[in-house]
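# Residue-level structure breakdown
What follows is each chain in one-letter form.
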Amino acid sequence: MILFDDLKEEIERGGSVELVLPPNQPGNTALWRVFLATEDGVRYMLVRPRDIRPYEIKTPKGLFSFLRNLGISEITVPVPFSDGKD
């Protein structure tokens, strides 16, 4: 587990942010969880300080705001596409 301020410090040291969509989300909802991947290959989940629950982002606007607050100016977002039959 890692807190937001520590996350910022680790990014400055070369760590990277991973945003993960948990499996089996109903309907058109999105819920990103944030992880830090350090240069030595360790992964930490970002948690909220008051209740130690996973930090979750629910909207694209919230996602971009979160990344901006981290000082990240360039992002890559994988977009899953259907097989073209829809």
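Heads up: the structure comes first, above all this text.
Quick look at the structure, then. Just so it is clear, the structure is predicted and the values come from calculations on it, not from any experiment.

Cut-offs and rules
- Residues numbered from 1 in each chain as written.
- Predicted model: local features only at pLDDT ≥ 70, side-chain atom pairs only at ≥ 80, totals over all residues.
- Heavy atoms only, no water.
- Helix = DSSP H or I, 4+ residues; strand = E, 2+ residues; numbered from the N terminus.
- Buried < 20%, exposed > 50% of the residue type's maximum accessible area, 1.4 Å probe, protein only.
- Phe/Tyr/Trp six-rings, centres within 6.5 Å; stacked < 30°, edge-to-face > 60°.
- Salt bridge = Lys/Arg side-chain N within 4 Å of Asp/Glu carboxyl O.

## Considerations on the environment of Ala 30
- Tracing the sequence through the fold places Ala 30 in the loop between strand 1 (16-20) and strand 2 (32-37).
- Residue Ala 30 is classed as partly exposed on the basis of its relative accessible area, which comes to 25%.
- In sequence terms Ala 30 and Glu 56 are 26 residues apart; their C-alpha atoms lie 9.7 Å from each other.

## Looking at the packing of aromatic side chains
- The tally for this structure, following the rule as stated, stands at 2 aromatic pairs.
- Between Phe 4 and Phe 66, the ring centres sit 5.8 Å apart and the planes meet at 65°, which makes this aromatic pair edge-to-face. On the criterion of sequence distance, the pair formed by Phe 4 in helix 1 (residues 4-12) and Phe 66 in helix 2 (residues 60-69) is long-range, its members being 62 residues apart.
- Plain terms: the ring middles of Tyr 55 and Phe 66 are 5.2 Å apart, the flat faces sit at 35° to each other, and that makes the pair tilted. A residue pair is termed long-range when its members are at least 10 positions apart, and Tyr 55 in the loop between strand 3 (43-45) and strand 4 (56-57) and Phe 66 in helix 2 qualify at 11 residues.
- By relative accessible area, which is 23% here, Tyr 55 ends up partly exposed.
- A relative accessible area of 3% places Phe 66 in the buried class.

## A closer look at the pattern of salt bridges
- In total, this model carries 4 salt bridges according to the counting rule given.
- For Glu 9, the salt bridge goes to Arg 13, with nearest N and O atoms at 3.7 Å.
- The class of Arg 13 is exposed, set by a relative accessible area of 54%.
- Residues Glu 18 and Arg 43 are paired through a salt bridge, measuring 2.8 Å at the closest nitrogen-oxygen approach. Of this pair, Glu 18 sits in strand 1 while Arg 43 sits in strand 3, placing them 25 residues apart in sequence.
- A relative accessible area of 28% places Glu 18 in the partly exposed class.

Take it as geometry only, folks, not as evidence of what the structure does.
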